[in-house]
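Summary of structural features
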Amino acid sequence: MTRPFRPRRCAVLGAGVMGAQIAAHLANAGMPVLLLELAGEGDDPDAAASAAAARLTKLRPPPLATPEALALVEPLSYDNGLSALANCDLVIEAIAERTDLKRELYERIVPHLGPDAVLASNTSGLSLSVLQETLPEDVRPRFCGIHFFNPPRYMHLVELVPAAATDDDLLDRLETFLVTRIGKGVVRAKDVPNFVANRVGVFSMLSTFHHAADLGIAPDVVDALTGPAIGRPKSATYRTADVVGLDTLGHVVDASARALEDDPWHRLYALPQWIAGLIERGAVGQKAGAGVYRKTKGGIEVLDTETGAYRPNAPVIADQVQGLLAERDALARMAALRGCDHPEAQLLWRIHRDVWHYAAVHLQDIAHTARDVDLAIRWGFGWGRGPFEQWQDTGWGRVAAWISEDITAGRALADTPLPPWVMEQDAVHVAAGSWDAANGGVVARSKLPVYKRQHFPDRVTGEATEEHGESWFENDAVRLWTLDGEIGILSVQTKMGTLGTAALDGIVEALGVACDRASALVLWRRDAPFCAGADLSEIGSVLASGSLDKVDALIRQFQQMTMQLRHAPIPVVGAPHGVALGGGCEVLMHCDRLVAGFETYAGLVEIGVGLLPAGAGLKETARRAALTADPLKTLMERFGFIAKAAASASADDARRLGYLRDADVVVMNVHEVLHAALATARGMAETGYRPPLPGQVIVAGSTGLANLKGMIANLHAGGFASDHDALCATRIAEVMCGGDVDPGTAVDEQWLLDRERHAFVELCGTEKTRDRIAHMMTAGKPLRN
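Before going into details, it helps to say that this report is about the structure given with it. Since the model is a prediction, treat every value here as computed from it, not as a measurement.

All right, on to the sheet that holds strand β5 (residues 118–121) then. Read across the sheet, eight strands follow the order β3-β2-β1-β4-β5-β6-β7-β8 without closing on themselves; strand pairing throughout is mixed. The open sheet terminates on both sides in strands that have one partner only, identified here as β3 (73–77) and β8 (185–188). The sheet shows a mean angle of 25° between the axes of neighbouring strands, direction not considered. The pairing of strand β1 (residues 10–13) with strand β2 (residues 33–37) spans four bridges and is parallel. Paired with Cys10 across the two strands is Val33, which belongs to β2. In the packing of helix α4 (residues 99–109) onto the sheet, contacts are made with β1, β4 (90–93), β5 and β6 (143–148), and the angle to β5 comes to roughly 165°.

Here's what the structure looks like:
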């Protein structure tokens, strides 16, 4: 059996943008991290490292799961920290992308490494085999590339790259560690310039730059065309460049130009002059406050590449091209774009053709399989589908013919023909695996044991699909199913996981079936979000009918559902990932145990639409507060979170807000949440599960209410709460405190549930709450009134 890689302490060398954030994410995973940086000027040699660590609390999106995670990061200068490397099992170098500087650093730190320590470089594309040349023979088997993508917490991809002498067993151990402990999607890359994702992704950006200039299309219009409209992220092309940093992109492109002199597309490896000009004057993107775009008080502005001045960002896609993009059939859509003379249509055809052409020609050199390319681009650049998937979905043979026609006619950016295997295949992804161009065959997925934990991994087009399990109960809103015939899995199937009458009825019916057939139940939904809350459209329709009695019945139904979950005779485990807001959070609060994905964002945010949590969320908040060492202090803290509609920044942060308990589990890899939840549910069932008995809640009463009303008055007086906010918050306070009763009064749970429901119905009767609900439904954001 392979020995697991379990570092007790890690180190990151270099406290720049990437190094500091890699250290932060290792801390998120619960590992102490040494963060080393060059000594700064002045009396304190550790000042530069300390400043870099302090900046982690200010970056957005936050690299730390909770502010408390920063305590695991120890910032030191190399002068003071080298001796501490002896106690580090994993050392990740993340300094500037220069081979000479990296090799000088290795010579400095190697004498201080432990005998079994792993040394890794976060290089984005330098040769690992060249970097290893300065290392002693006994260190080389323990050296490799571990390439995170920016921002390291949020980007799923890590490329694991061997040098010439890297131990194969070590790579297997590191992959397992990176997948489970760090929560990443690992692609084994070859030691070639820019590896996999940057090699293809950066080329795609350069191709887009080239054609945008050739066709005279402005950057904001290019981004409108190359974002969600074609299944890519909102940052599209130029915004992505700003986020990465134009200077960083420039370094990658320059290094590529030097390393890829024989590449048929070599002439593309240069940034447009206007981007080079931005870099020269320090406008390098988001980190500098300006780049291709800049944010002003008047809104977002974009650079006019003709005048060099900024103008309002107001992209408009031509109606003709929007019509072509609306075609649902992928082959017909691409044929229409290719055949259309409009510059925007030509841009879209050309950038697709180029990346397909490039990926096919280079596949055998840069990646082990077509699957690796597709997953690398999806995980590292945020595309919905990778280039080979897009090609296959569009029509493999037809697209290959189009590309060949453009090559022959001189319309392609390189005259290199497609490799012969392209014409010999009908697809690169088939049920048995994905195409390996170097060896001329299909390769199945990795057989590493860690992947047995992923019941539903990210699949590529054409790959064999996993078993969907046996259904025990299903309607349009919910499905109860099982993988093993013993533990039930309940999945809400509505859009965004919202909870309306059909979902509430379905959950109750499915729970009854589960209690008859299953030993335990897991609440899990494959695709995020877990649950965006109650179905506001249904509430809005009920309000439009003018019947508050129907609102009362709906909330009564919701409360009955959550209470049945809480008191079910079998253990109920919630397994969220992504958003779990409002009613979704209330459902989770009534599970016996939570196994939450690391990126879970939970909160009782109903006040944003002029309502309060009435699915037993306030009852449960009061009950939990009463069980703490200082009930009033806890109640006041959690009231503040609810009154401000606070949602957690991570699953760990949800513990601070009171939505996760000490016994609840956080899983770093989203694809392992179901596995861990099933194991937890099975363990609870096999150890003699006893459901909680109905009990009483010791409420804060009039004393607590006076304190909470004081908080509301201060928020209102300071302009942080409107009149209607104050009304909603007052009703929340009254419920959480059990009303104007004596402090320490014991009330049963139904007492609090009734107050929740009555207050919810009362607020639904107000014009301002109705306006908030209507605004959220139409604008998708809260109304402050």
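After that view of the structure, there is still more to cover.
What follows is about the packing of helix α14 (residues 343–366) against helix α16 (residues 387–408). Remark: α14 packs on α16, axes separated minimally by 9 Å, with the N-to-C direction vectors making an angle of 95°. On the basis of the axis angle, α14 is roughly perpendicular to α16. On the side of α14, the interface is formed by Trp349, His352, Arg353, Val355, Trp356, His357, Ala359, Ala360 and Leu363, while α16 contributes Pro387, Phe388, Gln390, Trp391, Thr394, Val399, Trp402, Ile403, Asp406 and Ile407. Taken together, the residues of the contact of α14 with α16 sort by class into 13 nonpolar, four polar and two charged.

With that settled, the discussion passes to the state of the cysteines. Using the criterion set out here, one finds zero disulfides in the structure. No disulfide involves Cys531; its nearest neighbouring cysteine sulfur is the one of Cys585, lying 9.7 Å away. Cys728 takes part in no disulfide bond, and the closest cysteine sulfur, belonging to Cys764, lies 10 Å away. Its relative accessible area of 0% is what places Cys728 among the buried residues.

Its location among the elements puts Val118 in strand β5. For Val118, a relative accessible area of 2% puts it in the buried group. Considered as a pair, Val118 and Trp421 are 303 residues apart in the sequence and their alpha carbons are 39 Å apart. In this structure, Val118 is in contact with Phe5, Asp89, Leu90, Val91, Arg142, Leu170 and Leu174, ignoring residues within four places of it in sequence.

Turning our eyes to something else, we now look at unusual backbone geometry. Between Arg60 and Pro61 the backbone carries a cis peptide bond, its omega angle lying at 0°. Secondary-structure assignment places Pro61 in the loop between α2 (47–55) and β3. Going from Ala528 to Pro529, the amide bond is cis rather than trans, its omega being 5°. Positionally, Pro529 belongs in the loop between β18 (520–524) and α19 (536–544). Non-glycine residue Phe195 carries a positive phi angle of around 55°. With respect to the helices, strands and loops of the structure, Phe195 is situated in the loop between β8 and α7 (197–215). On the basis of relative accessibility, which here comes to 0%, the residue Phe195 falls in the buried class.

Backbone-to-backbone hydrogen bonds pair the strands of a sheet. The strands run either parallel or antiparallel. Here we have seven strands laid out as an open sheet, ordered β15-β16-β17-β18-β19-β21-β23, and mixed in their pairing. The sheet is open, and its two borders are formed by β15 (470–474) and β23 (665–667), each paired with just one other strand. Along the sheet, successive strands turn relative to each other by an average axial angle of 25°, direction set aside. As defined by bridge partners, strand β17 (residues 487–492) adjoins β18 across four bridges and the pair is classed as parallel. The residue of β18 that forms the bridge with Ile487 is Ala520.

Between two packed helices, the angle of one axis relative to the other and the distance separating the axes together describe the packing. Where helix α22 (residues 617–626) contacts helix α27 (residues 723–736), the two axes come as close as 9 Å, and the packing angle between them is 55°. Classified by the angle their axes make, α22 and α27 are oblique. Our pair here, α22 against α27, has a crossing hand that is right-handed. Every residue of α27 that contacts α22 at Leu618, Thr621 and Ala622 is listed here: Ile732, Val735 and Met736.

So, how was this worked out
Residues numbered from 1 in each chain as written. Predicted model: local features only at pLDDT ≥ 70, side-chain atom pairs only at ≥ 80, totals over all residues. Heavy atoms only, no water. Pairing = 2+ DSSP bridges. Helix = DSSP H or I, 4+ residues; strand = E, 2+ residues; numbered from the N terminus. Axes fitted to C-alpha atoms, helices over the stretch in contact; angles between N-to-C directions. Contact = heavy atoms within 4.5 Å. Parallel < 35°, antiparallel > 145°, perpendicular 65-115°, else oblique. Nonpolar A, V, L, I, M, F, W, Y, C, P; charged D, E, K, R; others polar. Disulfide = S-S within 2.5 Å. Buried < 20%, exposed > 50% of the residue type's maximum accessible area, 1.4 Å probe, protein only. Left-handed = near helix turned anticlockwise from the far one by under 90°.

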